[in-house]
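# What the coordinates show
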Amino acid sequence: MKIAILGTGTVGRHLAQGWLRAGHDVVLGSRKPEEARPRAEGLPVTDLASAVADAPVVVNATPGTASVELLTSVGADALAGKVLLDVAVGFTEDGDLSHLGESLGEEIQRTFPATRVVKSLCTVDRKLMVAPDSVEGPSTLFLSGEDADAKHTVRGLLRDLGWPEDSLLDLGGITTARGQEHYSLLFIGIAEALGSYGFGIRVVEEAA
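### Some words on unusual backbone geometry
Unusually for a residue other than glycine, E41 sits at a positive phi of about 55°. If you trace the backbone, E41 turns up in the loop between α2 (33–36) and β3 (45–47). Relative accessible area serves as the criterion here: at 53%, E41 is assigned to the exposed category. Notably, L121 is not glycine yet its phi reads approximately 70°, a positive angle. By the secondary structure assignment, L121 is in the loop between β6 (116–119) and α7 (126–130).

The following block contains the structure:
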């Protein structure tokens, strides 16, 4: 499968390497591909529109405060029908969440109604995204979105990164992306307490 990852930062590059190892065809999309290539670690980089053109799956790994503007520059028609995996969270310059009453995932889905948005991977650090066995014990990863087929596709891509099926928890519709994004504040607090971003969380059910 061809996967277009929009964003050439560390998150986008980690995901690209992970899916390349799984055998997928991956391309990074950038507003300024010529400037991005030197830091792309040999990964293919092109402009946003070209990256998206023939990719059935698009991954939004852009800064959350700029995501909708960047996706708008690609165009609703170009994104129509595609699965869009949104991994971004927006922060203001003061360190507050940029999306409070509505998540970024919801804003993207509302702005691009013909695109099948799935929110996931925003509750773990970039290393754990592609190496779920790098922590002691299993972690839980969440999915939010309206389209069942799109979630099925994303679940497959997450398993290709090493996430076992029993670690994937479907929260429901795209409105549940608010919880995923707001967890970022707790994530930062935990990271500061531990002195590390190398941790996951696990949903543990009541004993039978």
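### Looking at the packing of aromatic side chains
Under the criterion given, the structure shown has three aromatic pairs. Taking 6.2 Å as the distance between ring centres and 70° as the angle between the ring planes, the aromatic pair formed by Y183 and F187 counts as edge-to-face. In this pair, Y183 and F187 both sit in helix α9 (residues 177–194), four residues apart, roughly one turn of the helix. Given a relative accessible area of 11%, Y183 falls into the buried group. Three or more aromatic residues joined by ring pairs make a cluster, and in this case those are Y183, F187, Y197 and F199.

### A few points about the environment of L15
Within the secondary structure, L15 sits in helix α1 (residues 10–21). Excluding residues within four positions of it along the chain, L15 makes contact with I5, V59, V87, L121, M129, V130 and L161.

### Examining the packing of helix α4 (residues 67–74) against helix α6 (residues 104–111)
In contact at an axis separation of 10 Å, α4 and α6 are set at 25° when each is read in the N-to-C sense. What the angle tells us is that α4 and α6 run roughly parallel. Regarding α4 and α6, the two cross each other, and that crossing is right-handed. From α4, S67, V68 and L71 reach across to α6, where they touch L104, E107, I108 and T111. The residue inventory of the contact of α4 with α6, partitioned by class, reads four nonpolar, two polar and one charged.

### Describing the sheet that holds strand β4 (residues 57–60)
Whenever strands of a sheet pair, they do so through backbone hydrogen bonds, lying parallel or antiparallel. Spatial ordering of the open sheet is given by β3-β2-β1-β4-β5-β6-β7-β8, a layout of eight strands whose pairing is mixed. Lying at the two open borders of the sheet, with one neighbouring strand each, are β3 and β8 (168–172). The mean angle between the axes of side-by-side strands here comes to 30°, regardless of whether they run parallel or antiparallel. Judged from the five bridges that link them, strand β1 (residues 2–6) and strand β2 (residues 25–30) form a sheet pairing that is parallel. The partner of L6 across the bridge, within β2, is G29. Against the sheet, α6 engages β4, β5 (83–86) and β6, with an angle of about 175° to β6.

The rules we used
Residues numbered from 1 in each chain as written. Predicted model: local features only at pLDDT ≥ 70, side-chain atom pairs only at ≥ 80, totals over all residues. Heavy atoms only, no water. Helix = DSSP H or I, 4+ residues; strand = E, 2+ residues; numbered from the N terminus. Buried < 20%, exposed > 50% of the residue type's maximum accessible area, 1.4 Å probe, protein only. Phe/Tyr/Trp six-rings, centres within 6.5 Å; stacked < 30°, edge-to-face > 60°. Contact = heavy atoms within 4.5 Å. Axes fitted to C-alpha atoms, helices over the stretch in contact; angles between N-to-C directions. Parallel < 35°, antiparallel > 145°, perpendicular 65-115°, else oblique. Left-handed = near helix turned anticlockwise from the far one by under 90°. Nonpolar A, V, L, I, M, F, W, Y, C, P; charged D, E, K, R; others polar. Pairing = 2+ DSSP bridges.

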